[in-house]
Every structure is written in C-alpha cells, then in structure tokens.
Amino acid sequence: MTAACPDPLTRAPRAAPDGPPTDWLRLPPASLQGALVAVVGRDVRNVTLDDAQRLSHFPSSQLVSLSWYRDIDAGQVCMEGGVPVWRPFGTACVVAGTQAHPTTSWAPTTGRGCMALFQADAAQALFGLDLARVQDRFVPAADVMGREWTPLWDALLASRDEDMVGVFEHHLARRWQALSGRATDQPSLRQLGRNWVERLAWQAHEWRREHSPRHVERRIKSFSGRSLREWQSIVRTEGLFFAARDRHDAGQPFDWATMALDEGFADQAHMTRAVRRITGFTPTEFARRFAEDESFWMYRLWV
C-alpha cells in the first residue's frame, strides 16, 4: 500500500510551542550502559496537526532503533520520480538499522510513538539482529527478531511513557550483563561511572538552555564537586584500567596507543598525562605495580 503525502521539504510552524511538551528523552539505566543510548517519545494525540506538521525528520545515524506506535499508522516518506510517496510500516513495532542518509516519516493521523536507540553492535548481540538485513531499512520487528521478544514488545505497547526505561531494564539488563561477562543484572563499577558522567553531561545540556556556559560550569562544579571535564577524564581513565586488566587476564601485550584511542583519549601522550594525574604513575609502571605490588590491592579490588 502507498499513499500520497506532503513533500518532505514542506515547511510547517510549530503547533504549540508554549503548550505542554509533546516529546521527551530519557537516558538509560547504568545496567544497560554501553547498549541502550536513549529512549525518546512523542505524543500528539491531543494536538491538532496538519499534514505537513505530521512529518518527522531524522538524521543519518550509526545507531539501531526499535520503534513502537500507538493510535498511529506511521510510515516512511520516499521520493519516487520526484513525487513523495508514503510507505506505511504496517506494524506497531519496527526495527531500523544504521542509516547512511537522513530519513523522513509521516502519519495520516496524530498518535503516540516511541523509539529506543541502541549501539549497533549491542543490538546485534542482544537481539541476534542481522545488521545487513536492516541497514538503511525499516523492518517489522517480527521479521528480524525471534518470538522470544514478544513479551518485550507487548510490555512497551502497554506501558506509560515514564515506565519505558524500566521495561527495557527488566527485559534486557540480565542478558546485557551476561554478554558483558557478569553473572548478574547489576551494573559494573565501570558502567556506573560512565552512566553518571552521561547524566551529568545531559544535565549540563539542559542547564545551557537557560544559562550561560560559564554559569553552567559553576553549577556543574557546585552540583558534583568537579567540572564536567574532570569527571570525563576520570571515567576515561577508569575505562583504560578495565581494558588493561582484560588484556592482562587474557595474556595479551599492552598496545597503549591503540588502547588510548579506544578509550577516548586524543593520543597516547594525552592518556599518559591522565593516568599519571590520577594514579601518580605512567601506564606502564602502573600496569606493573597493579599486577605485582601488594600495596595496589585497592586498585585490584576496584577494577
């Protein structure tokens, strides 16, 4: 089935900029750190929108999305021979792979839709997705996910917006922790640290809507005791400790230059300065003492 729809480039004014919010974003719990990036939603069932206002534009993305809809028949807008054509998804639950180009969706009515964004490799591991099959496509979830995921979709369709993150944690945390090498659904210290910094960064983003950058920096430091940059440095360095421990346990040599880039440092020199600032030692000396010195028991316990 296809249907005519507005040209995706059609302009339309905001429907109710001063009214109650119609869309939201929530960050993942620490137990899904590294897998779930965010959960977003939009509910316009009580808003009057014209055809152009029911368009939704999305950027190209390296993430995999899982979307679900209530009271709305959503679909993708495609250009065929210079004419916009609407192709409905035909299902309430849709999987979209990484997108090399921006995409546009549309619906002939108002309704409610939500989307969970996952790191591509995590989505592949969690759901057994064939990433090539969903790349640059929108596919019914039932076509690419096993029947064991039906309870997840049912729960998402039945849940309130404020409960969505909890639904994902309930259905995915134990599996994700097992994939991360943990026999529990509880997050690791590394995941807790990165989750904390992501939430702090988001808080800073929200504050910047109303305050100057300098004021935001002061609020972050007052709120957490450190600047956001300091927190990010600490978490990057902790990530390096975990990566180094994993290589040590596997009997692999340390490739500091590669590990520095993998953990988000600008280069090996940047990494070395950060490790020395936090531990008092260079990475090589720290690794030696971590493995051999009794006095480093706290590091071994923590990492």
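Below is a short write-up of the structure.

Definitions and cut-offs
- Counting of residues starts from 1 at the beginning of each chain's written sequence and follows it residue by residue.
- Only residues with pLDDT of at least 70 are given local features in this predicted model, and only at 80 or more are side-chain atom pairs given and counted; all residues enter the totals for whole chains, interfaces and linings.
- Just so you know, side-chain values use all the structure's heavy atoms and leave hydrogens and water out.
- Classification of residues uses two cut-offs on accessible area relative to the type maximum, computed with a 1.4 Å probe and protein chains only: under 20% is buried, over 50% is exposed, and between them is partly exposed.
- Strands here are runs of E lasting at least two residues and helices are runs of H or I lasting at least four, both read from the DSSP assignment and numbered beginning at the N terminus.
- Relevant arc is that of directions from the helix axis to the C-beta atoms, nothing else.
- Two strands qualify as a pair provided DSSP detects at least 2 bridges between them.
- Helix axes are fitted only over the stretch in contact, all axes being lines through C-alpha atoms; the angle between N-to-C directions runs from 0 to 180 degrees.
- Throughout, a contact is declared for two residues whenever any of their heavy atoms are within 4.5 Å.
- Each angle is binned into one of four classes, with values under 35 degrees roughly parallel, values over 145 roughly antiparallel, values of 65 to 115 roughly perpendicular, and all other values oblique.
- Crossings are assigned a handedness: left-handed for a near helix turned anticlockwise from the far helix by less than a right angle, right-handed for a clockwise turn.
- Classification used: nonpolar for Ala, Val, Leu, Ile, Met, Phe, Trp, Tyr, Cys and Pro, charged for Asp, Glu, Lys and Arg, polar for all others including Gly.
- The working definition used for a salt bridge is a side-chain nitrogen of Lys or Arg within 4 Å of a carboxyl oxygen of Asp or Glu.
- The rule for a disulfide is simple: a pair of cysteine sulfur atoms within 2.5 Å.
- Polar contact criterion, stated in full: a pair of N or O atoms within 3.5 Å, where within protein one must be able to donate a hydrogen and the other to accept it, and residues adjacent in sequence count only if both atoms are side-chain atoms.

Considerations on helix α4 (residues 150-158)
Of the residues making up α4, those classed as buried are Leu-152, Trp-153 and Leu-156. One side of α4 holds all its buried residues, which, seen down the axis, span an arc of 95°.

Let's talk about the sheet that holds strand β11 (residues 138-140)
Strand order in the open sheet made by the 6 strands is β2-β3-β10-β5-β8-β11, with antiparallel pairing throughout. What marks the edges here is a single partner per strand, and that holds for β2 (23-26) and β11. Ignoring strand direction, the axes of neighbouring strands in this sheet form an average angle of 20°. Taken together, the 8 bridges between strand β5 (residues 63-70) and strand β10 (residues 112-119) define a ladder with antiparallel strand orientation. When the bridges of β10 are listed, Leu-63 appears paired with Gln-119. The sheet contacts of helix α1 (residues 120-127) involve β5 and β10, and relative to β10 the element is tilted by about 100°. Each of β5, β8 (93-96) and β10 touches α4; the most contacted strand, β5, lies at about 55° to it.

Focus on the pairing of β10
Judged by how many residues are buried, β10 sits mostly within the fold: 7 of 8 residues are covered. Bridge count between strand β3 (residues 36-43) and β10: 7 bridges; the pairing is antiparallel. Residue pairing in the sheet places Gly-41 in a bridge with Cys-114 of β10.

A look at the packing of α4 against helix α5 (residues 164-179)
Viewed as axis vectors pointing N to C, α4 and α5 meet at an angle of 165°, and their least axial separation amounts to 10 Å. Between α4 and α5, the angle falls in the class roughly antiparallel. Both α4 and α5 take part in a crossing whose hand is right-handed. Only Met-164, Val-167, Phe-168 and His-171 of α5 make contact with α4, whose side of the interface consists of Pro-151, Leu-152, Ala-155 and Leu-156. Residue composition of the contact of α4 with α5, grouped by class: 7 nonpolar, 1 polar and no charged.

Concerning the packing of α1 against α5
Packing of α1 against α5 brings their axes to within 10 Å, and their N-to-C directions diverge by 105°. Taken as axis vectors, α1 and α5 run roughly perpendicular relative to one another. When α1 is examined against α5, the residues Ala-122, Ala-125, Leu-126 and Phe-127 are found in contact with a partner set consisting of Leu-172, Arg-175, Trp-176 and Leu-179.

Some thoughts on the pattern of salt bridges
In the structure shown here, the tally under the stated rule is 9 salt bridges. The partner of Glu-80 in a salt bridge is Arg-87, with the nearest N and O atoms 2.3 Å apart. Here Glu-80 falls in the partly exposed class, since its relative accessible area comes to 36%. Arg-288 is the salt-bridge partner of Glu-285, the closest N and O atoms lying 2.5 Å from each other. Of this pair, Glu-285 and Arg-288 both sit in helix α11 (residues 283-292), separated by 3 residues, roughly a single helical turn. Among the residues examined, Glu-285 registers a relative accessible area of 24% and is labelled partly exposed.

Observations regarding the state of the cysteines
Following the criterion strictly, the structure yields 0 disulfides and no others. The thiol sulfur of Cys-5 is not disulfide-bonded, and the nearest other cysteine sulfur, from Cys-78, lies at 8.6 Å. For Cys-5, a relative accessible area of 13% gives the class buried.

Describing the side chain of Arg-54
Its place among the elements puts Arg-54 in the loop between β3 and β4 (56-58). Accessibility expressed as a relative area gives 14% for Arg-54, which makes it buried. A polar contact is formed between the side chain of Arg-54 and the backbone oxygen of Leu-49, at a distance of 2.8 Å. Here Ala-107 takes part through its backbone oxygen, which lies 2.8 Å from a polar atom of the side chain of Arg-54.

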